[in-house]
Amino acid sequence: MRVLALIALACGAAVPVAQAQVSPALDAGISYVRYDGFLPSGAVSLAPSVRWDHPRGRAFASARGTYLRFESGNRSLDFSTRGSWFAPLARRWRGELGLGFGASDYASIAHFSHGIVDARVHLTDRDRGGWVSTSVGRSSFGAGPRPVAVLAMGVWLLGPAVTMYASLDRSFVGDTAYSDVRSSARLQRSGITLEGTLGARMLSNGAGRGIYGEGSAMVALGRTTALILAGGRYPTDVITGSIAGRYLSVGFRIGGGALSIRRPAPVAQPSARPHSSSGADGSALRAETRLEITLGERPDDAVRLTLFAPGASAVEISGDFTDWQPVELRRSTTNRDAWQGTFRIARGIHRINVRRDGGAWMAPAGTIRSADDFDGEVGVFLLP
Amino acid sequence: MMITALLLIVQVAAQDPRLERLDPATRSLVVSVVDSAKAVGLPGEPLIQRALEGATKGALGPRIVTAVRRLATDLGTARAALGAGVTTPELEAGAAALRAGAGPDVLTHLRDARRPPLTMALAVLADLVASGVPADSASAVVLALAPSARDADLVEFRRAVERDISLGAPPGAAAAVRAANTGIRLGADAGNPPRPASRQ
């Protein structure tokens, strides 16, 4: 899943940078694991993580820890961190410099650690791209450090709903050498993210061979929670010290940066007729609470705001056009989910919040959701 | 004593009654920021609205004052970049673009490239960046569209990019693809290009 997670990140599946520069998350779940050469075992896991993104997308850093407790009572601890810095664009080319470090411990018996520096060059052309990279570093098992070198290349293709990815790499860790060919696909639709990887290990000396594949489904349950189902077979990673195995897991993810779901919000562009704002942002409540703006025929006519809020018994709005005084909307006589009000709103950019049943103020779908200056969010819309 | 009381009455009378929702200490500081802004020709209304937003959201006084000051600074920077003749909506949109991550030079180039009003172009720029499109890519595409695109074209472009992003496209790539569809070549910044997945 680490592979898929990184692909997801690479394809821009993380939370929008400008909104959440720091994205913490917590995964908790149960797994059925069968490492190659070992008896199968149940396990519970807890995995906190945090990711930081440069506001302009020039760098990121992430860290993740995993606590795994097996049926036997033994436990495994794992920690890894990674960061990358991206050079400014030079036509279609872009450079990346990365640094990674990790360590793991199993039942105080086996200890691994590694540190890697890598340099990468990306070439991007419209909806497709590729990269080549080289990595060097050290990997240690107990007290025996071994040199690491990796040569890799890959390509990706971006479709309307699917991102596809393929890579080829050759790794050298001490006297162990192996190659991997991988292909991945990621499909995201309506709060559900499906990912799959198929790969083959070959030309291996000391790292095993064969076909492997993993799949996962992530279903958004709310704004910051998701249900994750995953399973498959993965190969030995000689650098990090993970042993090949099969697994099936179910877990929950809590955290803003974890859902791999974009905020929605087609731009709230008023039109002569109400239009539908589609898209899902991972927030069920926000997605359900959708703003539509209807302009009058003449520029000086009042503007009608309609909030669709299924299940709400009261809906209020507050914005710069109400001097930030809460105003309760009227329920529509023709649609019980719709709440309406008319306002005098000048042309230009405006900020708005809504709340349902006296709850927290939030930015409704159909607006541009932005961080406000008060640890909350605000919806922004433009009245042309 | 009487003079002080009279001065206080004059000050209270001069300040916006909407600010009475703030506590006296916060109100005094906000009024000071608003007055300073007006003195240099910046609009006071956006600053008052930001203070009222904080009050409605239950923010503490220092937080409100900080937000108002920050907005005043952004408005000042936007005006310096856009020129003295800029309207209040343009200033607000410019401040939003700056806050999102666009540089003042981009605002200046936009002013030179497009006939007023610039509100829509600035708002689209701010929104693209807020959506995760790298600021340099967002600036490039808006500047490329600016000379000839109508406001409606800009909005449609923005909507198309947002739709692609909501389907999982990297924001930079989405902007590049949509720009290419309009005949603009951005240098194709994909924003967060893929990295080798095996070395996390």
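Summary of the structure given here. (Residues numbered from 1 in each chain as written. Chains lettered and ligands numbered in written order. Predicted model: local features only at pLDDT ≥ 70, side-chain atom pairs only at ≥ 80, totals over all residues. Heavy atoms only, no water.)

**Details of the overall build of chain B**
Along chain B, the regular secondary structure elements total 10 helices and 0 strands. Listing the helices and strands of chain B from first to last along the sequence gives α-α-α-α-α-α-α-α-α-α. Taken across its 200 residues, chain B has 58% of its residues classed as buried. Put simply, of all contacts in chain B between residues at least 6 apart along the chain, 60% involve residues at least 24 apart. (Helix = DSSP H or I, 4+ residues; strand = E, 2+ residues; numbered from the N terminus. Buried < 20%, exposed > 50% of the residue type's maximum accessible area, 1.4 Å probe, protein only. Contact = heavy atoms within 4.5 Å.)

**Topic: helix α7 (residues 119-130) of chain B**
Residue and element names in this part refer to chain B. With 12 residues, α7 extends 16 Å between its outermost C-alpha atoms, agreeing within 8% with the 16 Å of an ideal straight helix rising 1.5 Å per residue. Of all 12 residues that make up α7, 12 are buried, and the element is covered over most of its length. Looking one or two places after α7, you find Gly132, whose phi comes out positive at around 105°. (Expected span 1.5 Å × (residues − 1).)

**Notes on the packing of aromatic side chains**
All names here are of chain A. Applying the stated criterion across every chain yields a total of 4 aromatic pairs over all chains. Seen in terms of ring centroids, Phe321 and Phe343 are 5.4 Å apart; in terms of plane orientation they differ by 70°. Their pairing is edge-to-face. On the criterion of sequence distance, the pair formed by Phe321 in the loop between β17 (315-319) and β18 (327-328) and Phe343 in strand β20 (residues 338-343) is long-range, its members being 22 residues apart. Accessibility classification places Phe321 together with Phe343 in one group, the buried group. What links up through ring pairs into an aromatic cluster is the set Phe321, Phe343 and Phe381. (Phe/Tyr/Trp six-rings, centres within 6.5 Å; stacked < 30°, edge-to-face > 60°.)

**As for the nonpolar core**
Residues and elements named next belong to chain B. One finds Val30, Leu107 and Leu128 to be the most contacted residues of the largest nonpolar core, which totals 68 residues. Tallying contributions element by element places helix α4 (residues 61-82) first for this core, with 10 residues. Two domains each donate at least three residues to this core, and these are domain 1 (24-82) and domain 2 (85-200). Excluding residues within four positions of it along the chain, Leu107 makes contact with Ala78, Ala81, Leu82, Gly94, Ala97, Leu98, Ala102 and Leu122. (Core = buried A, V, L, I, M, F, W, Y, C linked by side-chain atoms within 4.5 Å. Domains from an automatic or database assignment.)

**Comments concerning the pattern of salt bridges**
Enumeration over the complete set of coordinates arrives at 29 salt bridges over all chains. In this structure, Arg70 of chain B engages Asp373 of chain A in a salt bridge whose closest nitrogen and oxygen atoms are separated by 3.8 Å. In this pair, Arg70 of chain B sits in helix α4 while Asp373 of chain A sits in the loop between β22 (368-371) and β23 (377-383), so the two residues belong to two different chains. The exposure class assigned to Asp373 of chain A is buried, which follows from its relative accessible area of 10%. (Salt bridge = Lys/Arg side-chain N within 4 Å of Asp/Glu carboxyl O.)

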